[in-house]
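What follows is each chain in one-letter form.
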Amino acid sequence: MKIDGATVLVTGANRGLGREFARQFARHGASVCAGARDPLSITDPLVKPIQLDVTSQESVEIAVREAGDVSILINNAGVLGPDPRTEMDVNYFGPLRMIDAFAPVLARNGGGAIVNVLSVLSFVGWPRASGYAASKAAAWSLTKSTRQALASQGTLVVAVHAGFIDTDMAADVDAPKITPESVVAQVIEALVLGRDEVLADETSRAAKAGLVA
């Protein structure tokens, strides 16, 4: 898949990993629509800010009209705590809304790709974040089902798993962290090579191997 010249929509693009997705794709020659609840929080002059709340069906439908030429959808928006219902609404139902709305757009634009940002907690539980883990496990299941459902239209569906990423979300965690730059670089490589899974760090690779074992 070619990144230069593609049109990319990133959800949750105002900070952390989402901001890095928008930055790197723009620097690789893509036209980037950077979605956030508050578009004024997006200041990178190389991207186009759009208002997008993945928990609102109306907001998602407006985004479809504003970004009808999208060929790569990055489902990045996510929350950790304190309400498991909110975690499920953002982390699972959010990607579901976006996929349902944008799958026909991707089909019209040649198939393209969907990237779902998941977690090592898609594979394993963690008592400190049980709601988050459940939402990411559900999103992993959604990713696998979407991959099968959209294969016939030529859409590549990429699952991205990582342990702790060095962003605000994991600021209070005292553990090894991977950089957002590394995660996004690995995703771009996967898209270029047509790979459908990114195990971004040793933590996620070991967890996935444990499931196989």
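These figures come from a predicted structure and were not determined experimentally.

Thresholds, definitions, all that
- Residues numbered from 1 in each chain as written.
- Predicted model: local features only at pLDDT ≥ 70, side-chain atom pairs only at ≥ 80, totals over all residues.
- Heavy atoms only, no water.
- Helix = DSSP H or I, 4+ residues; strand = E, 2+ residues; numbered from the N terminus.
- Rg over C-alpha atoms; globule rule 2.2 N^0.38 Å.
- Axes fitted to C-alpha atoms, helices over the stretch in contact; angles between N-to-C directions.
- Parallel < 35°, antiparallel > 145°, perpendicular 65-115°, else oblique.
- Left-handed = near helix turned anticlockwise from the far one by under 90°.
- Contact = heavy atoms within 4.5 Å.
- Nonpolar A, V, L, I, M, F, W, Y, C, P; charged D, E, K, R; others polar.
- 1 Å grid on protein atoms, 1.4 Å probe; cavity = no way out; pocket = protein on both sides within 12 Å on 5 of 7 lines; lining within 4 Å.
- Points joined across faces, edges and corners; volume = space filled by probe spheres on them.
- Buried < 20%, exposed > 50% of the residue type's maximum accessible area, 1.4 Å probe, protein only.
- Pairing = 2+ DSSP bridges.
- Right-handed = clockwise from strand over helix to strand, strands pointing away.
- Core = buried A, V, L, I, M, F, W, Y, C linked by side-chain atoms within 4.5 Å.
- Phe/Tyr/Trp six-rings, centres within 6.5 Å; stacked < 30°, edge-to-face > 60°.
- Lys NZ or Arg CZ within 6 Å of the ring centre and 35° of its normal.

Can you break down the overall build of the protein chain residue by residue, with the values?
Within the protein chain one finds 6 helices and 7 strands. The helix and strand sequence of the protein chain, counted from the amino end, reads β-α-β-β-α-β-α-β-α-β-α-β-α. At 16 Å, the protein chain has a C-alpha radius of gyration in line with the 17 Å of a compact globule built from 213 residues. Seen along its three principal axes, the alpha-carbon backbone of the protein chain occupies a region of about 40 × 35 × 30 Å.

Before we move on, could you go through the packing of helix 2 (residues 57-66) against helix 3 (residues 84-108) and cite the residues and values that matter?
Two numbers describe how helix 2 lies on helix 3: the axes approach to 10 Å, and their chain directions differ by 20°. Considering the angle they form, helix 2 stands roughly parallel to helix 3. For helix 2 against helix 3, the interelement crossing comes out right-handed. Between helix 2, through Gln57, Val60, Ala63 and Val64, and helix 3, the contact on the second element is made entirely by Arg97, Met98, Ala101, Phe102 and Val105. For the contact of helix 2 with helix 3, the class distribution of residues is 7 nonpolar, 1 polar and 1 charged.

Can you explain empty space enclosed by the protein? Please cite residues and give values.
A full pass over the atoms with the stated rule returns 1 cavity of 30 Å³ or more. Its boundaries defined by the atoms lining it, the largest cavity holds a volume of some 30 Å³. For the largest cavity, the full set of lining residues is Thr11, Val54, Asn75, Asn76, Ala77, Val90, Gly94, Pro95 and Met98. Residues belonging to the lining of the largest cavity are distributed by class as follows: 5 nonpolar, 4 polar and no charged.

Tell me about the pairing of strand 2 (residues 31-36), and please be specific about residues and values.
Of all 6 residues making up strand 2, 5 are buried, and the element is well covered by its neighbours. The sheet contact formed by strand 1 (residues 7-10) and strand 2 spans 4 bridges and is parallel. Bridging from a neighbouring strand, threonine 7 pairs with serine 31 of strand 2. In this fold, the crossover linking strand 1 to strand 2 by way of helix 1 (residues 16-27) has right-handed handedness. When strand 2 meets strand 3 (residues 48-51), the two strands line up parallel, connected through 4 bridges. Each residue of the ladder has a partner; that of cysteine 33, found in strand 3, is lysine 48.

I'd love a proper account of the nonpolar core, names of residues and values included.
Of all hydrophobic cores here, the largest spans 35 residues; its most connected members are Val8, Phe21, Phe25, Val32, Ile72, Ile74 and Leu191. Only strand 1, helix 1, strand 2, strand 4 (72-75), strand 5 (113-117), strand 6 (156-161) and helix 5 (180-193) provide two or more residues apiece to this core. At 6 residues, the largest contribution of residues to this core is made by helix 5. Each residue touching valine 32, except ones within four places of it in the same chain, is listed here: Val8, Val10, Ala22, Phe25, Ala26, Val47 and Lys48. Counting 25 residues, the second largest nonpolar core, distinct from the first, contains Leu9, Ile50, Ile99 and Ala101.

Mind laying out the packing of aromatic side chains, listing which residues take part and the relevant values?
Within this structure, the stated rule accounts for 4 aromatic pairs. Seen from their ring centres, phenylalanine 123 and tryptophan 140 are 4.8 Å apart, and the 80° between their planes marks the pair as edge-to-face. Linking phenylalanine 123 in the loop between strand 5 and helix 4 (130-150) with tryptophan 140 in helix 4, this pair joins segments that are 17 residues apart in sequence. Above the face of the tryptophan 140 ring, lysine 144 is positioned so that its terminal group lies 3.7 Å from the ring centre.

Please provide a residue-by-residue account of the sheet that holds strand 1, values included.
The strand order across the open sheet built from 7 strands is 3-2-1-4-5-6-7, with neighbouring strands paired in parallel fashion. The open sheet has two edge strands, strand 3 and strand 7 (197-199), and neither has a second partner. Neighbour-to-neighbour, the strand axes of this sheet turn through a mean angle of 15°, independent of strand direction. Sheet analysis places strand 6 next to strand 7, joined by 3 bridges and oriented parallel. Bridge assignment links histidine 161 to a residue of strand 7, and that residue is leucine 199.

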